[in-house]
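Results of the structural survey
The primary structure of each chain is shown beneath.
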Amino acid sequence: MPQKDLIALVLLVIAFIGATTAACVSKRIRDLLFIAMILLAPMTEDYDVNFVSRDFYRGTTRGIEISLVDVLSLSLLISALVTPRRGHARAFWPAGLGLMSLFFAYACFNVGIADPRLFGIFELSKMIRGITIFLAVA
């Protein structure tokens, strides 16, 4: 693993732990993290790291991307489960998640029977990112 990936992995873990803790402690910080996630979502390519990068591949993604938006969305999702807002349920099933899960299972099956699987895994990681952002917003 290249050194830049190791440094990025350590910084992403530190950012995730810090953002989750801050979002659990303060509702205002959770709101600010939500606004930051929404504002940074269109520019996610500027703040991401590609693990297992294949620069020669010309698909929609060239590696397993993890960005600042992913850290924020996962932090918001976990903080909403750990410390829900007053009057809200700890967890619920948002509309459309069942169909997304069914489509994701279908995509996993197609990647499983494809050769090579690596490029399909890139796309599956992008689908997981989208579902995580969907759940954080819901």
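One structure accompanies this document, and this report is about it. (Residues numbered from 1 in each chain as written. Predicted model: local features only at pLDDT ≥ 70, side-chain atom pairs only at ≥ 80, totals over all residues. Heavy atoms only, no water.)

**As for the nonpolar core**
As a rule of thumb, soluble globular proteins bury nonpolar side chains together. Put simply, the rule reads: Here the nonpolar core consists of buried residues drawn from Ala, Val, Leu, Ile, Met, Phe, Trp, Tyr and Cys, with membership extended through side-chain atoms lying within 4.5 Å. Each residue is assigned to one of three classes by its accessible area relative to the maximum for its type, calculated with a 1.4 Å probe on protein chains only: buried under 20%, partly exposed between the two thresholds, exposed over 50%. In this text, helices come from DSSP runs of H or I with a minimum length of four residues, and strands from runs of E with a minimum of two, each type numbered from the N-terminal end. Should any heavy atoms of two residues lie within 4.5 Å, those residues are counted as being in contact.
Judged by nonpolar contacts, Ala19, Ala23, Leu33, Met37, Leu40, Val69, Leu72, Leu76 and Ala136 together constitute the single largest core of nine residues. Put simply, the parts of the chain that give this core at least two residues each are helix 1 (3-25), helix 2 (27-40) and helix 3 (68-82). For Val69, the residues in contact, after removing those within four places along its chain, are Met37, Leu40, Ala41, Thr44 and Ile133. One finds Phe104, Ala107, Val111 and Ile131 within the second-largest nonpolar core, a separate group that totals six residues.

**Examining the pairing of strand 1 (residues 48-51)**
The cut-off we apply is this: One requirement defines pairing of two strands: DSSP has to find at least two bridges between them.
Burial along strand 1 is one-sided: the residues Val49 and Phe51 are buried and none of Asp48 and Asn50 is. The sheet contact formed by strand 1 and strand 2 (residues 64-67) spans four bridges and is antiparallel. Residue pairing for strand 2: Val49 is matched across the bridge by Ile66.

**Describing helix 3**
What counts here: Helix span, as expected, comes to 1.5 Å for every residue beyond the first.
With 15 residues, helix 3 should cover 21 Å at 1.5 Å per step; its first-to-last C-alpha distance of 21 Å lies within 8% of that length. Along helix 3, the positions that sit buried rather than exposed are Val69, Asp70, Val71, Leu72, Ser73, Ser75, Leu76, Leu77 and Ser79. Elements that come into contact with the buried residues of helix 3 comprise helix 1, helix 2, strand 2 and helix 5 (118-137).

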